[in-house]
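Summary of structural features
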Amino acid sequence: HSPPQQPGDKPSEADEVQRKEVCRWPCRCPPVRACPPGVSLVKDGCGCCKVCAKQAGELCNEADVCDPHKGLYCDYSEDEPRYETGVCAYLVAVGCELNGVYYTNGQTFQPNRLYKCLCVSGTIGCTPVFTPRLAGSPCARVPGRKKPGQSICGLGHHKQLQSTNYRLMSAYRSLPLVLKKKCLIQATPWTPCSRTCGIGISSRVTNDNRKCEMKKEKRLCFIQPCLTNMLKKIKIPKGKTCQPTFQLPTAEKLVFSGCSTTQRYKLTFCGVCLDKRCCIPNKSKMITVQFECPNEGFFRWKMMWITSCVCQRICSAPGDIFSQLKLL
């Protein structure tokens, strides 16, 4: 038997490495609950259950992992020598700049009274500030003298109003962010056209609308006509291997879902190359086209109007969600 430890003696190596076991197998997972807005639902450190990730400043361990989508890690430096319980902290990463002001990675800030934003590795994500809607409620201010029996609302009632009137609207995107009619405009990039020839559809998520709500927006896209032999139809300049854009000889009506446009259009299309390169839209604008259906009336669609194309060696299939990923 080892001699009893005296006061002031240093603990042995065996005592230093003893840590509490936080993982148990087989896995027994409670029902998955919804996480608060902005908190990631991830698999725990034991590889067992889906849990709400710990946020900056919260305690963490091998099982309770920090939110990886916010660049957080578990810092065990204050729990020496066991290194059993840590605190979620931000990894050192690049900050963000907005309107000439620099923010550090992980910093929460409020550029104006309407939005709160978070800087994560050079990207800014914003959500609206909780704003109670007081009109028509018992809390609304009444000009002049207060009515008899009118209640004065406290903090609890304000929270109830916020929970019922608040709609989550957040999106992470690269700068610049634009403030338009008290709405911080945010949008994802347009998806590739669903068809390589003929009329297809591309979409994005944006809050550029009257209610400033995140909604899916669709538009028509027409990259190339479906011609049998494109190289014979398009004249490539002498000494060149690509013709980035071309137009058909005459303006034509567009046909979509059995309906045709009321006007004729002379569109600009992306061209072809003699080598393995492909041509994709480089610059475009948005127009609105009206279709007329036999015995069914009219409908309108937004459409991408191509103004220029670029020929490149990276070619992806339409709708490929991994097209922008690159090997490091």
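Everything that follows concerns the structure shown earlier in this document.
This report concerns the structure included in the present document. (Residues numbered from 1 in each chain as written. Predicted model: local features only at pLDDT ≥ 70, side-chain atom pairs only at ≥ 80, totals over all residues. Heavy atoms only, no water.)

Per the stated rule, a full pass over the model turns up one cavity of 30 Å³ or more. Its boundaries defined by the atoms lining it, the largest cavity holds a volume of some 30 Å³. Lining the largest cavity are Phe-222, Leu-267, Thr-268, Met-303, Met-304, Trp-305 and Ile-306. At four residues, strand β21 (residues 297–312) tops the list of elements feeding residues into the lining of the largest cavity. Tallied by class, residues from the lining of the largest cavity come to six nonpolar, one polar and no charged. (1 Å grid on protein atoms, 1.4 Å probe; cavity = no way out; pocket = protein on both sides within 12 Å on 5 of 7 lines; lining within 4 Å. Points joined across faces, edges and corners; volume = space filled by probe spheres on them. Helix = DSSP H or I, 4+ residues; strand = E, 2+ residues; numbered from the N terminus. Nonpolar A, V, L, I, M, F, W, Y, C, P; charged D, E, K, R; others polar.)

A word on the state of the cysteines. Two cysteines form a disulfide when their sulfur atoms are joined by a covalent bond. Within this structure, the stated rule accounts for 12 disulfides. Disulfide pairing places Cys-197 opposite Cys-226 at an S-S distance of 2.1 Å. Across the S-S bond of Cys-197 and Cys-226 the torsion is about 90 degrees, and the bridge reads as right-handed. With a gap of 29 residues between them, Cys-197 in the loop between β13 (183–185) and β14 (199–206) and Cys-226 in the loop between β15 (215–222) and α3 (230–233) connect regions that are remote in the sequence. Since its relative accessible area comes to 23%, Cys-197 is described here as partly exposed. (Disulfide = S-S within 2.5 Å. Buried < 20%, exposed > 50% of the residue type's maximum accessible area, 1.4 Å probe, protein only.)

Next up on the list: the sheet that holds strand β3 (residues 59–60). Reading across the sheet, the three strands line up as β3-β5-β4 and stay open at both edges, with antiparallel pairing between neighbours. Of all strands in the sheet, those bounded by a partner on one side alone are β3 and β4 (72–75). Looking at chain direction, β4 and strand β5 (residues 86–90) are connected through four bridges and run antiparallel. Paired with Cys-74 across the bridge in β5 is Cys-88. (Pairing = 2+ DSSP bridges.)

Let us look at the pattern of salt bridges. Summed over the entire model, instances satisfying the criterion amount to three salt bridges. The partner of Lys-302 in a salt bridge is Glu-217, with the nearest N and O atoms 3.1 Å apart. Taken together, the residues Lys-302 in strand β21 and Glu-217 in strand β15 connect sequence positions 85 residues apart. In this structure, Asp-275 and Arg-277 form a salt bridge, with 3.0 Å as the shortest nitrogen-oxygen distance. Assessed through its relative accessible area of 27%, Asp-275 is described here as partly exposed. Its relative accessible area of 26% is what places Arg-277 among the partly exposed residues. Taken together, the shared-partner salt bridges in this structure form one network comprising Arg-204, Glu-217 and Lys-302. (Salt bridge = Lys/Arg side-chain N within 4 Å of Asp/Glu carboxyl O.)

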